[in-house]
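The primary structure of each chain is shown beneath.
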Amino acid sequence: MSHRLSHRLSHRLSHRHPDHLPQLLVIAKEPVPGRVKTRLTPPFSPEQAAVLAEAALRDSLRAVAATPAAQRVLALDGLPGSWLPPGLVVIPQRGAGLDERLAAAFSDACRLRPGPVVLIGMDTPQVTPALLDEAGAALTEHDAVYGPAADGGFWLLGLRRPDPALLLGVPMSRPDTGKLQLDRLERAGLSVLLLPELTDVDTAADAATVAGQAPGSCFAAALRELGR
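In this report, the structure presented in the accompanying data block is examined. Only a predicted model underlies this, so the values are computations on that prediction, with no experimental measurement involved.

So, on to the sheet that holds strand E2 (residues 71–77). The seven strands are arranged E3-E2-E1-E4-E6-E5-E7 in an open sheet whose pairing can be described as mixed. The strands lining the two open edges of the sheet, one partner per strand, are strand E3 (89–92) and strand E7 (192–194). Neighbour-to-neighbour, the strand axes of the sheet open up by a mean angle of 20 degrees, direction not taken into account. Both strand E1 (residues 23–29) and E2 contribute to a ladder of seven bridges, which runs parallel. Bridge assignment links Leu25 to a residue of E2, and that residue is Val73. With respect to the sheet, helix H5 (residues 177–187) is in contact with strand E5 (144–148), strand E6 (154–159) and E7, its orientation differing from that of E5 by roughly 170 degrees.

For any two helices packed against each other, the geometry is given by the interaxial angle and the distance between the axes. Interaxial distance between helix H6 (residues 204–213) and helix H7 (residues 218–225) falls to 8 Å at its minimum, and their mutual angle equals 125 degrees. Here H6 is positioned oblique relative to H7, judged by the angle of their axes. Considering only the axes of H6 and H7, their crossing is left-handed. Every residue of H7 that contacts H6 at Ala207, Ala208, Val210 and Ala211 is listed here: Phe219, Ala220 and Leu223. Its residues placed into classes, the contact of H6 with H7 shows seven nonpolar, no polar and no charged.

Within the largest apolar cluster, 29 residues are counted, with the highest numbers of intra-cluster contacts made by Leu74, Ile120, Trp155 and Leu156. Looking at this core, the elements that each hand over two or more residues are E1, helix H2 (46–65), E2, strand E4 (117–120), helix H4 (129–138) and E6. For this core, the element with the highest residue contribution is H2, accounting for six residues. Once you skip the residues sitting within four places of it in the chain, Leu156 turns out to touch Val118, Leu119, Ile120, Leu132, Ala135, Val145, Tyr146, Gly147 and Leu195. Membership of the second largest hydrophobic core comes to 24 residues, among which are Leu25, Val73, Ala109 and Leu182.

You can see Asp200 is positioned in the loop between E7 and H6. With no salt bridge to any partner, buried Asp200 finds its closest opposite charge in Lys37, at an N-O distance of 7.2 Å. Aside from chain neighbours lying at most four places away, what touches Asp200 is Asp123, Thr124, Ala149, Asp151, Trp155 and Asp206.

Calculation criteria
Residues numbered from 1 in each chain as written. Predicted model: local features only at pLDDT ≥ 70, side-chain atom pairs only at ≥ 80, totals over all residues. Heavy atoms only, no water. Pairing = 2+ DSSP bridges. Helix = DSSP H or I, 4+ residues; strand = E, 2+ residues; numbered from the N terminus. Axes fitted to C-alpha atoms, helices over the stretch in contact; angles between N-to-C directions. Contact = heavy atoms within 4.5 Å. Parallel < 35°, antiparallel > 145°, perpendicular 65-115°, else oblique. Left-handed = near helix turned anticlockwise from the far one by under 90°. Nonpolar A, V, L, I, M, F, W, Y, C, P; charged D, E, K, R; others polar. Core = buried A, V, L, I, M, F, W, Y, C linked by side-chain atoms within 4.5 Å. Buried < 20%, exposed > 50% of the residue type's maximum accessible area, 1.4 Å probe, protein only. Lys, Arg positive; Asp, Glu negative; His and termini not counted. Salt bridge = Lys/Arg side-chain N within 4 Å of Asp/Glu carboxyl O.

Pasting the structure below:
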């Protein structure tokens, strides 16, 4: 995205009335050893993987906190900890599969405050307020905004009018998840803006790549502390 376009989108979003801004929604797991980032072990221990997960979550929440929004919501599997910044509404995750949890998170956020919702996970600590600004601004002119991930999934999904049917039944955690989700949106007749592709942190190689892209992040600092 050009600097000029980024500035124009950010200016447009930040000068809108708060009631017309989207909600920003993060879906995440409590960073407990053995329950998060299991694909990092090995080479990392479960405890080290949890440290990296917490750092990624801190970065994600920091970006959300710095972005204009009608409301900021964390759909959490587990309990909040010292990593939670002020100003976020915490709701529990519901559902069995990830498709159910994503659909429920959108629905629950909309029950709290109807309107557009932009959702991200905790796996892209390189995300910036400018990218989230662009996603929110896109929903003034598009039905959906979609951020593809390098592993074939997606790192962001924004919906002007959230509907569980747009997510339920989409196979998750597969190399073709992103394509199937995008197909679902397009078959529903939605106009979709595509954002830049980002790398999710799943493997040790991913961790090194992302830390190199965001050297000033909590995630990069945590990786350096672990000597990687």
